[in-house]
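# Secondary and tertiary structure notes
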Amino acid sequence: MNWDDPTGTPAPDRLVGPVADREDQAVEAALRPKDLDEFIGQEKVREQLDLVLRAARARGATADHVLLSGAPGLGKTTLSMIIAAEMGAPIRITSGPAIQHAGDLAAILSSLQEGEVLFLDEIHRMSRPAEEMLYMAMEDFRVDVIVGKGPGATAIPLELPPFTLVGATTRAGLLPPPLRDRFGFTGHMEFYEPRELERVVHRSAGLLDVDIDPAGAAEIAGRSRGTPRIANRLLRRVRDYAQVKADGAVTRDIAAAALAVYEVDARGLDRLDRAVLTALLKLFGGGPVGLSTLAVAVGEERETVEEVAEPFLVREGLLARTPRGRVATPAAWAHLGLTPPRSAAGGAGGSAQPDLFGA
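Everything quoted here is computed from the prediction, not taken from an experiment.

### Here's the deal with the sheet that holds strand 7 (residues 185–188)
The parallel open sheet is built from five strands, whose spatial order is 2-3-6-1-7. The open sheet has two edge strands, strand 2 (91–95) and strand 7, and neither has a second partner. Going across the sheet, the axis of each strand differs from the next one's by a mean of 15°, ignoring polarity. Taken strand by strand, helix 2 (residues 43–59) contacts strand 1 (66–69) and strand 7, and its axis lies near 160° from that of strand 7.

Right, here's the structure in full:
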């Protein structure tokens, strides 16, 4: 699954998928940092958020509402828990898809304590009636509860204690402007650099009691697609391999051998990614080729190719989307060790024009 997938459904058996499964959720609870100083990466967001929280504590006030956007697995849920911890407040966690009616939201809001943090994941998937109720709750700390139906219906105003809403979204563009404008702080989570992921791997290895050297951590970090969740998942699979096939210590060679077993290559591509590139290069000469045709060639659904494989391939500069279809870049040919045909020399877009005189 990609971070733009509105369904929230991970692709099955995908080691490099960014969405957390049940095992990830159980392990992440133990690996999550407890405060901003312990949180790795996202330097700008961390610095700005620290100022917001320090100022709120100094005033003795509730922190402003916070909107966090970015791909899955980058730490939005972790930061929400850190916000609650830094403010010394309890946290309540729910998600947009779980709130289908305004009454669902009213029930949650009316039971909040003063200063409590409400974490609303996938806030862009909340129903419109609930969304409109949230406007008043965020701004005025009040909701109107409708009692009765038809002409006899009346609105009863319900005062709410001051609270902090932390909204998380993978698709900030789907949030209506009135909702975005009510957040006092907005932070965008970026993909991690390999050096930051090495620190994540070392920290997680220490908590999981895994013996790992710097080269082994670098090997795992380099294949983690810039996502801490994937880095932690790969670390656990490499740990298993090291315990069964070696003495339990993780070195570069052990990490590389383990991830080869799980079909995650040096650039973080898995079986599906390589199947898409291989079909595009070998069957269609690098493109352009239509999405449906490419999906048939790899034996997958169109949506799987578009929503699961393509986003990372595009971000890595291995594939380009053009009006004429999907096109491989020179980097894709180099990654698979293939020589591009002369017709692909124009690079991404496949726009090389034949010479008018046949030269």
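### Looking at the nonpolar core
Formed by 48 residues in total, the largest nonpolar core has its most connected members in Leu49, Leu79, Ile212, Ile220 and Val250. Here this core takes seven residues from helix 9 (residues 228–245), the largest share from any one element. Beyond its immediate sequence surroundings of up to four residues, isoleucine 220 is in contact with Val201, Ile212, Ala231, Leu234, Leu235, Val238, Val250 and Ala255.

### Topic: the packing of helix 4 (residues 102–110) against helix 5 (residues 128–140)
At a minimum axis distance of 8 Å, the contact between helix 4 and helix 5 shows a crossing angle of 35°. For the pair helix 4 and helix 5, the contacting residues are Ala102, Leu105, Ala106 and Leu109 in the first and Pro129, Ala130, Met133, Leu134 and Ala137 in the second. Taken together, the residues of the contact of helix 4 with helix 5 sort by class into nine nonpolar, no polar and no charged.

### What to know about the environment of glutamate 263
Tracing the chain through its elements places glutamate 263 in the loop between helix 10 (252–261) and helix 11 (271–283). Between the C-alpha atom of glutamate 263 and that of arginine 274, which follows or precedes it by eleven residues, the distance is 9.6 Å.

### Description of the packing of helix 11 against helix 13 (residues 302–315)
Closest axis-to-axis distance for the helix 11/helix 13 pair is 10 Å, and the angle between their directions is 90°. What the angle tells us is that helix 11 and helix 13 run roughly perpendicular. Where helix 11 abuts helix 13, its residues Leu272, Asp273, Val276 and Leu277 lie against Thr304, Val305, Val308, Ala309, Phe312 and Leu313. Of the residues assigned to the contact of helix 11 with helix 13, the class counts are eight nonpolar, one polar and one charged.

### So, the pairing of strand 1
For a regular strand, side chains alternate in direction, first toward one face of the sheet and then toward the other. In strand 1, alternate side chains face the same way, and those of Val66 and Leu68 on one face and Leu67 and Ser69 on the other are all buried. In the sheet, strand 1 pairs with strand 6 (residues 164–169) via four bridges, with the strands oriented parallel. Its bridge partner lying in strand 6, leucine 67 is registered against glycine 167. Two elements, strand 1 and strand 7, share four bridges in a ladder whose sense is parallel.

### Here we look at the side chain of histidine 65
Counting through the fold element by element, histidine 65 comes out in the loop between helix 2 and strand 1. Not counting residues within four places of it along the chain, the set of residues in contact with histidine 65 comprises Met138, Phe141, Phe163, Thr164, Leu165, Arg182, Phe183, Gly184 and Phe185.

### Re helix 11
Each α-helix turn comprises 3.6 residues. Residues three or four places apart therefore point the same way. For helix 11, with 13 residues, the first-to-last C-alpha span of 17 Å sits near the 18 Å given by 1.5 Å per residue. Listing the buried residues of helix 11 in full gives Leu272, Asp273, Val276, Leu277, Ala279, Leu280 and Leu281. Close packing links the buried residues of helix 11 with helix 12 (291–298), helix 13, strand 8 (319–322), strand 9 (325–328) and helix 14 (330–335). Phi for glycine 285, located one or two positions after helix 11, is positive at around 60°.

### Section: the packing of aromatic side chains
With the rule as written, the count across this model stands at one aromatic pair. Note on phenylalanine 141 and phenylalanine 163: the rings are 5.5 Å apart at their centroids and 80° apart in plane angle, and the pair reads as edge-to-face. One end of the pair, phenylalanine 141, is in the loop between helix 5 and strand 4 (142–147); the other, phenylalanine 163, is in the loop between strand 5 (154–159) and strand 6, with 22 residues separating them in the sequence. Given the relative accessible area of 1%, phenylalanine 163 is considered buried. For the cation-ring pair, arginine 225 lies above phenylalanine 312, with the distance from its terminal atom to the ring centre recorded as 3.8 Å. Of note, arginine 315 hangs over the ring of phenylalanine 191, and the distance from its end group to the ring centre comes to 3.6 Å.

### Looking at unusual backbone geometry
With a phi close to 50°, glutamate 122 is a non-glycine residue in the positive phi region. Assignment of secondary structure puts glutamate 122 in the loop between strand 3 (117–121) and helix 5. Phi at aspartate 209 takes a positive value of approximately 60°, unusual for a residue other than glycine. Locating aspartate 209 in the fold gives a position in the loop between helix 7 (194–207) and helix 8 (214–222).

### Comments concerning the pattern of salt bridges
Taken as a whole, this structure holds 18 salt bridges when the rule is applied. Across the salt bridge formed by glutamate 131 and arginine 128, the nearest N and O atoms sit 3.0 Å from each other. Taken together, the positions of glutamate 131 and arginine 128, both in helix 5 and three residues apart, correspond to about one turn of that helix. When its relative accessible area of 4% is taken as the criterion, glutamate 131 is described as buried.

Reading the values: rules and limits
Counting of residues starts from 1 at the beginning of each chain's written sequence and follows it residue by residue. Totals for whole chains, interfaces and linings use every residue, but because this is a predicted model, local features are given only for residues with pLDDT of at least 70 and side-chain atom pairs only at 80 or more, for both listing and counting. Side-chain measures were taken over the full set of non-hydrogen atoms in the model, leaving aside hydrogen atoms and water. At least two DSSP bridges between two strands are needed for those strands to be called paired. Helix and strand definitions follow DSSP, with helices as H or I runs of at least four residues and strands as E runs of at least two, each counted in order from the N terminus. Simply put, an axis is a line fit to the C-alpha atoms, just over the touching stretch for a helix, and the angle between two N-to-C directions goes from 0 to 180 degrees. Throughout, a residue-residue contact means that at least one pair of heavy atoms, one from each residue, lies within 4.5 Å. For our purposes a nonpolar core is just a set of buried Ala, Val, Leu, Ile, Met, Phe, Trp, Tyr and Cys residues, chained together by side-chain atoms within 4.5 Å. Throughout, exposure labels follow a simple rule: accessible area from a 1.4 Å probe, protein chains only, divided by the maximum for the residue type, with under 20% read as buried, over 50% as exposed, and the rest as partly exposed. Under the scheme applied here, ten amino acids are nonpolar (Ala, Val, Leu, Ile, Met, Phe, Trp, Tyr, Cys and Pro), four are charged (Asp, Glu, Lys and Arg), and all others, including Gly, are polar. Working definition: roughly parallel below 35 degrees, roughly antiparallel above 145 degrees, roughly perpendicular at 65 to 115 degrees, and oblique for all remaining angles. The span you would expect from a helix comes to 1.5 Å times its residue count less one. By convention, a stacked pair of Phe, Tyr or Trp rings (six-membered ring in the case of Trp) has centres within 6.5 Å and planes under 30 degrees apart, an edge-to-face pair has planes over 60 apart, and any other such pair is tilted. Only when the NZ of Lys or the CZ of Arg is both within 6 Å of the ring centre and within 35 degrees of the ring normal is a charge said to sit over the ring. Note on definitions: salt bridges are taken to be side-chain nitrogens of Lys or Arg within 4 Å of carboxyl oxygens of Asp or Glu.

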